[in-house]
Amino acid sequence: MNDYLRSLTARKQSWFGLKLPVKAALAQPLLHPLMRALAPHIAGIRIGRLPAPIGLTEVAGRAGGASFVLVDPFRCEIAKEFYWGKGRRTEPEDAFALDLMVDLSRDAEVFVDIGAYTGVFTMAVLAANPTAVAHSFEIIPAVVAGLEKNIERNHLGERVTVHPTGVGAPGTTMRVPTGDGGSALPSFYAASMDFADGVEVRFSSLDELLAELPAGTSRVTVKIDVEGAENDVLGHGAEFLATLRPDILCEVLDDRAQPGELMRLLEPHGYSYFLVGSEELTHFKRIVPDPHFRDWLFTVQTPEELSASGYPVA
């Protein structure tokens with residue numbers, strides 16, 4: 001078996017083992033204030049990728065007018081963005097996507113977070129909608145622990161069901177490393193990767209989730225961030241889509257997407273496709289992966305209905 005963690009790609013991502021010590025050095029009290037002062041003025045630096053102070057335990061976040069907390073910004077890739085962005089995500093398109101999901105979920109009874117990472121979407125949606133409950137799916141054990149810490153810190157234990165499982169073909173499994181990812185909690189593991197060591201993680205179908213929803217549920221929103229496996233998620237969710245026709249925020253990566261198959265899965269249920277930009281939604285007749293913007297909104301609402309509800313549609 002090829003072990004992704006021993007591949008050249010993975011070794012490059014860790015800077016051949018140097019990333020963690022460099023990051024730790026920049027996060028120390030002596031160096032970090034200088035970096036924080038200089039970095040925003042250096043062209044080409046994405047400040048959201050720089051480390052947060054090593055001693056910082058949590059950061060406050062805002063989305064759609066609601067506030068929440070994310071813990072451990074030194075280890076969590078999303079939490080450190082809120083540190084650098086002073087309570088907001090640092091990339092405009094990411095901030096807009098989070099606000100969009102929060103707004104779409106204000107009247108939702110259930111929010112489904114597939115590929116939750118440490119739960120920023122779960123925290124933001126439930127902060128803005130105090131009556132909603134969430135089902136949050138995450139396959140990486142160390143990240144599940146981070147998700148559970150955020151749930152506890154935001155006092156959402158009775159409103160979130162954590163699924164340490166994948167969503168896709170029911171009955172299948174994937175070996176997932178148990179380590180903490182080195183320099184940060186890993187956010188890029190995908191079902192297409194092979195790992196030599198780890199725990200076996202089970203996958204269930206989106207359709208199976210129907211039985212776990214409260215009786216009479218009619219309004220559901222979904223976020224999917226599964227590193228190119230969205231067709232597996234939706235391919236085993238035809239009954240879920242037909243029954244609930246949820247608004248779906250879905251990451252579509254230009255180097256992994258199979259847009260023809262994705263459209264084939266969505267079209268029978270009347271979905272339209274909107275690319276999520278930095279400030280607006282752009283309606284497309286077809287899903288065409290974009291080299292810069294990753295997120296798409298799949299919805300049964302028309303462009304006119306979205307515009308009438310106040311969403312910026314190009």
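Sequence order as written defines the numbering, with residues in each chain counted from 1. In view of the model being predicted, local features appear only for residues whose pLDDT reaches at least 70, and side-chain atom pairs are presented and counted only at 80 or more, with totals across whole chains, interfaces and linings using the full set of residues. For the side-chain quantities, the full set of heavy atoms in the structure was used; hydrogens and water were omitted.

With respect to the pattern of salt bridges
A pair is scored as a salt bridge if a Lys or Arg side-chain nitrogen falls within 4 Å of a carboxyl oxygen belonging to Asp or Glu. The final tally for this structure, using the stated rule, is 13 salt bridges. Of the charged contacts, one joins D94 and R294 as a salt bridge, the two residues approaching to 3.0 Å between their closest N and O atoms. Placement of the pair is D94 in helix 5 (residues 92–104) and R294 in the loop between strand 12 (281–284) and strand 13 (295–299), with a sequence separation of 200 residues. Throughout, exposure labels follow a simple rule: accessible area from a 1.4 Å probe, protein chains only, divided by the maximum for the residue type, with under 20% read as buried, over 50% as exposed, and the rest as partly exposed. Among the residues examined, D94 registers a relative accessible area of 5% and is labelled buried. A relative accessible area of 30% places R294 in the partly exposed class. Taking the shortest distance from any N to any O, the salt bridge between R294 and E251 comes out at 3.1 Å. In this pair, R294 is assigned in the loop between strand 12 and strand 13 and E251 in strand 10 (residues 247–251), connecting sequence segments 43 residues apart. Under the scheme used here, helices are H or I runs from DSSP no shorter than 4 residues and strands are E runs no shorter than 2 residues, and both carry numbers assigned from the N terminus.

Section: the sheet that holds strand 10
We call two strands paired when DSSP finds no fewer than two bridges between them. Taken together, the eight strands give an open sheet; going across it, the order is 5-4-3-9-10-13-11-12, and neighbouring strands pair in mixed fashion. What marks the edges here is a single partner per strand, and that holds for strand 5 (160–163) and strand 12. Here the average twist between neighbouring strands, direction ignored, is 20 degrees. Bridging between strand 4 (residues 133–137) and strand 5 involves four bridges; their strand directions are parallel. Along strand 5, the bridge assignment pairs A134 with V160. Should any heavy atoms of two residues lie within 4.5 Å, those residues are counted as being in contact. Each axis is a line fitted through C-alpha atoms, and for a helix only the stretch in contact is used; angles between axes span 0 to 180 degrees, taken between their N-to-C directions. Contacts from helix 5 reach strand 3 (110–114), strand 9 (220–224), strand 10, strand 11 (272–276), strand 12 and strand 13 within the one sheet, and its direction differs from that of strand 10 by about 160 degrees.

Quick word on the side chain of H135
Summarising the element assignment, H135 is placed in strand 4. Nitrogen and oxygen atoms within 3.5 Å of one another constitute a polar contact, given that in protein one can donate a hydrogen and the other can accept it, and given that sequence-neighbouring residues count only through two side-chain atoms. A polar side-chain atom of H135 sits 2.8 Å from a polar atom in the side chain of H163. Beyond its immediate chain neighbours, meaning those up to four positions away, H135 contacts V110, F111, V112, D113, T161, H163, L209, E212 and L213.

Focus on the packing of aromatic side chains
Pairing of aromatic side chains requires ring centres within 6.5 Å, counting the rings of Phe and Tyr and the six-membered ring of Trp. Pairs whose planes differ by under 30 degrees are stacked, by over 60 edge-to-face, and all others tilted. Counting across every chain of the model gives four aromatic pairs. The interplanar angle of 80 degrees and the centroid separation of 5.7 Å between the aromatic rings of F68 and F82 together place this pair among those described as edge-to-face. Pair noted here: F68 is in strand 2 (residues 66–71) and F82 is in helix 4 (residues 77–84), with a separation of 14 residues, a long-range link. No difference in accessibility class separates F68 from F82, as the two residues are buried.

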